[in-house]
Amino acid sequence: MLARKLHLLRHNFLSFVSSRTGSDLARRQYDVIVVGGGHAGTEAAAAAARLGAETLLITQKITTIGALSCNPSLGGVGKGQLVREVDALDGLCGRAGDWAGVHFSILNRSKGPAVWGPRAQLDRERYRQFIQSELLSTPRLTVLEGSVEELLVSQPNPEEPGHHRVTGICLVDGSHPILSSSVVLTTGTFLSGSLFMGQTTSPGGRMGDAPSCARLSYTLKETLGLRVGRLRTGTPPRIVKESVDLSLAQIQAPDKQPTPFSFLNTHTRCKPEEQLPCYLTHTTPGVETVVRESVHLNCHIQQDTKGPRYCPSIESRVLRFPGRRHQVWLEPEGLTSDLLYPQGLSMTMPPDLQLRLLREIPALHRAEIRTPGYGVQYDFVCPTQLTPSLQVKSTQGLFLAGQINGTTGYEEAAAQGLWAGVNAGRTALSLPPMALSRTQSYIGVLIDDLVGRGVTEPYRMFTSRAEFRTSLRPDNADLRLTPRGFEEVGCVTLRRYEKAVRVRDGLQEALMALQSVALSSTRWREKLGNISLSENKSATLNGLDLLQYKDVSFDMLASAFPECLSPYFEYSQRLKIEAVYRPHCEKQSREMERIRREESLTLPSDMDYLSLPVSLSQEVREILDRVRPNTLGAATRLPGMTPAGIIHLLNYVLRTGQRNRHTEHRNRSSQKEGGKGQLCASNIQISQ
């Protein structure tokens, strides 16, 4: 039934928008205009509309809305956390992933749940259909096919900060301007984009699609005076599946039970037995030979433009790490697709050499290419020019999200898009902007990194970037963000909010029930049998304490005490994770409270930050050494400072302060003792 609905929605969607042109738009003014229909643009448009803003989404091609331009996957380590948080704020990509996924897995499962990475291989067509259908059914959202030529710029509101104000856009077709209170630019790789293959260069943001109008980039640089840089990325060739000898590759099966991205879903569309496998193979010395022999024919790899460090081309990897075997993942592109995506083989050499390189890999010795790989170079705006709401500091009403801010990846784009759409909508509705702290979410970490530190290469998310990752787990994103999204921000629907509240209340009741069951270690062993509980432990332990042990599950406790615990079986995994991380989270909360209490703590003016014997990154050391804040509170407000750095600095200052006070006290005591001795000696001398 849902599949039929999606088909009808998509048909009606395309019929509806294809008949709309810039010249016959009934409405000439919107609250929010979103430029670009990629992952950032779709999330921005949907979020602004959910907030109550009349929203217009402008995209060059209606049929490419929601397209997966590069890899057919969603999530991963760090990235999966972003997807879960976008979903908790009622975004689209999590539910789209559950609908379109064909291979689900949890990465990093051998480590703690805080750094697990939910991930899925996607069916490209299904994902695109879902996003398009969702946009059609979103109230207050209009979609227009067109290309934006430039922004309408006027004098700023003198009562607000900024040198300019954006009041709308002009289309390339020369139609009348379209006015708005806010504009969100999500141009991706299309801002002055250029495609590279071998020694051939052509304008474009994606194969088959033109770049954004050059006038738009000119407006950003010349009219608004923004600092703009240049970045690059690339994509691998698409391989005909029948031409690959998969018997020579290592099969990688999905999880037996798929884990949905969305908190609204209990299962995925793809049944466990319908999931498709991935395959692992490796490069050979022959691959390195082809790369080295073709460097002079590859203008993209010879240029200095920064590319993605964590998803480099095969040329970059071979030249940087010669003599190594590199992994190549052969990933399905959909249930009915006849193509494979070779993750790890992004390349920009001429097509004939791409085929030669592929055939140096045993499993690909007869490979045929459907679409060759290519590189893209594009403009980005230095993100330190943005506020935490993703509004341009110097320009009222202009918001940026996605690769235009120097990031890479669908998930990073979606997270920025949602938050930019939220604040663009709030600005248009005369509501104050909202910010997410890096202590609250991975989205907050992402935005704080961008606006506080900037980028020198395409930015991607990792769990290691989040200092409070034991609190910012994939399992609790709904508890952290959904209530706030409904009560304060306004971007969450009542249906999702009510479910999150039910889960929150159920978990709290379950935790209280666990704490109400308290026994001695001897009695626990009698109840649960052979568990690794120390016989020397004499203290009374409650159920929550016991759940922290690796070999104790909630199901075991519920079996022992069914009367009070069996009603909470649905939360069994979440309760286990909560119990394991509760001590860590409580410690982090205490540390943050200490920071708030000690904001007025004076920092020594002669402190040598560059050589402090504490765990501080070189970047944080340089910031402190350059600014030399007077107090701890001033240090917390420095762009680029991290909560972890503040905690280490606080501990060091308090520790050395106590040590110095102890030393001074000891010296004073010694002086007094020395004074007494001198006095006695004098007296003795006088007596003589």
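Residues numbered from 1 in each chain as written. Predicted model: local features only at pLDDT ≥ 70, side-chain atom pairs only at ≥ 80, totals over all residues. Heavy atoms only, no water.

Taking an unreviewed UniProt entry as the reference, the protein chain is identified by name as 5-taurinomethyluridine-[tRNA] synthase subunit MTO1, mitochondrial belonging to Coregonus suidteri. According to the UniProt record, the Subunit (unreviewed entry) comment for the protein chain is "Homodimer; forms a dimer in the presence of potassium. Interacts with GTPBP3; forms the GTPBP3-MTO1 complex composed of homodimers of GTPBP3 and MTO1." UniProt lists a comment for the protein chain under the heading Cofactor (unreviewed entry), and it reads "FAD". (UniProt positions renumbered as here; feature names shortened; annotations may be inferred.)

Chemist: Give a description of the overall build of the protein chain that names residues and reports values.
Modeler: The helix and strand tally for the protein chain stands at 22 helices and 23 strands. Classification of the 688 residues of the protein chain by burial places 56% in the buried group. For the protein chain, the share of sequence-separated contacts (at least 6 apart) that also reach a separation of at least 24 residues comes to 72%. For the protein chain, the accessible area works out to roughly 30000 Å², and carbon and sulfur atoms hold 51% of it. (Helix = DSSP H or I, 4+ residues; strand = E, 2+ residues; numbered from the N terminus. Buried < 20%, exposed > 50% of the residue type's maximum accessible area, 1.4 Å probe, protein only. Contact = heavy atoms within 4.5 Å. Areas by Shrake-Rupley, 256 points an atom, 1.4 Å probe, with all protein chains shown as cover.)

Chemist: For empty space enclosed by the protein, give the residues involved together with the corresponding values.
Modeler: Applying the stated rule across the entire model yields one cavity of 30 Å³ or more. Around the largest cavity sit His-39, Thr-42, Glu-43, Gly-66, Leu-92, Cys-93, Tyr-127 and Ile-131, which together line it. For the lining of the largest cavity, the secondary structure elements donating two or more residues are helix H2 (39-51) and helix H5 (124-136). Considering every element that reaches the lining of the largest cavity, the biggest residue donor is H2, with three residues. (1 Å grid on protein atoms, 1.4 Å probe; cavity = no way out; pocket = protein on both sides within 12 Å on 5 of 7 lines; lining within 4 Å. Points joined across faces, edges and corners; volume = space filled by probe spheres on them.)

Chemist: Would you mind going over the sheet that holds strand E12 (residues 228-235) in detail, with residue names and values included?
Modeler: Ordered in space as E11-E10-E19-E12, the four strands form an open sheet in which the pairing is antiparallel. Bordering the open sheet on either side are strand E11 (200-203) and E12, each of which pairs with just one other strand. Mean inter-strand twist for the sheet, computed between neighbouring axes without regard to direction, equals 25°. (Pairing = 2+ DSSP bridges. Axes fitted to C-alpha atoms, helices over the stretch in contact; angles between N-to-C directions.)

Chemist: Give a description of the packing of aromatic side chains that names residues and reports values.
Modeler: Counted under the stated rule, the structure contains five aromatic pairs. Relative to Phe-130, the ring of Trp-99 lies with its centre 6.3 Å away and its plane at 35°, an arrangement referred to as tilted. Taken together, the residues span a long stretch of sequence, with Trp-99 in helix H4 (residues 93-100) and Phe-130 in helix H5 at a distance of 31 residues. Assigned by exposure class, Trp-99 and Phe-130 land together as buried. A ring pair is formed by Phe-104 and Phe-261, whose centres lie 6.5 Å apart and whose planes are at 55°; its orientation type is tilted. Of the two residues, Phe-104 sits in strand E4 (residues 101-107) while Phe-261 sits in the loop between strand E14 (250-252) and strand E15 (278-282), which places them 157 residues apart along the sequence. Positioned above the aromatic ring of Phe-263 is the side chain of Arg-84, whose terminal nitrogen or guanidinium carbon lies 3.9 Å from the ring centre. Taking NZ or CZ as reference, Arg-269 lies 3.9 Å from the ring centre of Trp-99, over its face. (Phe/Tyr/Trp six-rings, centres within 6.5 Å; stacked < 30°, edge-to-face > 60°. Lys NZ or Arg CZ within 6 Å of the ring centre and 35° of its normal.)

Chemist: Give me the pattern of salt bridges: which residues, what numbers.
Modeler: Applying the stated rule across the entire model yields 33 salt bridges. For the salt bridge of Lys-79 with Glu-412, the shortest nitrogen-to-oxygen distance reads 2.8 Å. Highlighted residues: Lys-79 in helix H3 (residues 79-88) and Glu-412 in helix H11 (residues 410-428), separated in sequence by 333 residues. Overlapping salt bridges, with partners in common, bring together Arg-438, Asp-448, Asp-449, Arg-453, Glu-467 and Glu-619 in one network. (Salt bridge = Lys/Arg side-chain N within 4 Å of Asp/Glu carboxyl O.)

Chemist: Kindly report on the pairing of strand E5 (residues 117-122), identifying the contributing residues and their values.
Modeler: Extensive coverage of E5 is indicated by the burial of six of its six residues. Residues of E5 alternate between two faces, with Gly-117, Arg-119 and Gln-121 on one and Pro-118, Ala-120 and Leu-122 on the opposite face, all of them buried. Where strand E3 (residues 73-75) and E5 come together, three bridges link them in antiparallel fashion. Bridge pairing links Ser-73 to Gln-121 in E5. Of the pairings in the sheet, the one linking E4 to E5 comprises six bridges and is antiparallel in character. The residue of E5 that forms the bridge with His-103 is Gln-121.

Chemist: Talk me through the environment of Leu-141; I want residue IDs and the actual numbers.
Modeler: Summarising the element assignment, Leu-141 is placed in strand E6 (residues 141-145). When neighbours within four sequence positions are excluded, Leu-141 is seen to be in contact with Ala-45, Ala-49, Thr-55, Leu-57 and Leu-135.

Chemist: I'd like a rundown of H2, residues and numbers included.
Modeler: For H2, which comprises 13 residues, the first-to-last C-alpha distance of 18 Å matches the rise-based estimate of 18 Å (1.5 Å per residue) to within 8%. In terms of burial, H2 is a largely internal element, 13 of the 13 residues being buried. Backbone geometry just downstream of H2 places Gly-52 in the positive-phi region, at approximately 110°. (Expected span 1.5 Å × (residues − 1).)

Chemist: Give a detailed account of the sheet that holds E5, specifying residues and quantitative values.
Modeler: The antiparallel open sheet is built from three strands, whose spatial order is E3-E5-E4. Of all strands in the sheet, those bounded by a partner on one side alone are E3 and E4. Within the sheet, the average angular offset between the axes of one strand and its neighbour, ignoring direction, is 20°.

Chemist: Can you break down the environment of Leu-603 residue by residue, with the values?
Modeler: Structurally, the position occupied by Leu-603 is in the loop between helix H19 (572-597) and helix H20 (618-627). What makes Leu-603 buried here is its relative accessible area of 4%. Leu-603 sits 28 residues away from Thr-631 along the chain, and the two C-alpha atoms are 5.2 Å apart. The residues touching Leu-603, leaving out its near neighbours within four places in the chain, are Tyr-609, Pro-629, Asn-630, Thr-631, Leu-632, Ala-635, Leu-649 and Val-653.

Chemist: Tell me about the packing of H3 against helix H13 (residues 477-489), residues and numbers included.
Modeler: Between H3 and H13, the shortest axis-to-axis distance is 8 Å and the interhelical angle comes to 35°. The chirality of how H3 crosses H13 is right-handed. Contact residues: Arg-84, Glu-85 and Ala-88 in H3; Ala-477, Asp-478, Arg-480, Leu-481 and Thr-482 in H13. (Left-handed = near helix turned anticlockwise from the far one by under 90°.)

Chemist: I'd love a proper account of the packing of helix H7 (residues 285-294) against helix H10 (residues 351-358), names of residues and values included.
Modeler: Where H7 contacts H10, the two axes come as close as 8 Å, and the packing angle between them is 160°. Viewed along their axes, H7 and H10 adopt a mutual orientation that is roughly antiparallel. Of the two possible hands of crossing, H7 and H10 adopt the one that is right-handed. Residues Val-287, Val-290, Val-291, Glu-293 and Ser-294 of H7 lie in contact with H10, whose contacting residues are Leu-353, Arg-356 and Leu-357. Considered class by class, the residues forming the contact of H7 with H10 number five nonpolar, one polar and two charged. (Parallel < 35°, antiparallel > 145°, perpendicular 65-115°, else oblique. Nonpolar A, V, L, I, M, F, W, Y, C, P; charged D, E, K, R; others polar.)

Chemist: I'd love a proper account of the side chain of Thr-59, names of residues and values included.
Modeler: In this fold, Thr-59 is placed in strand E2 (residues 55-59). Residue classification places Thr-59 among the buried residues on the basis of a relative accessible area of 6%. Those residues in contact with Thr-59 that lie beyond four places of it in its chain are Gly-37, Ile-65, Leu-144, Glu-145 and Gly-146.

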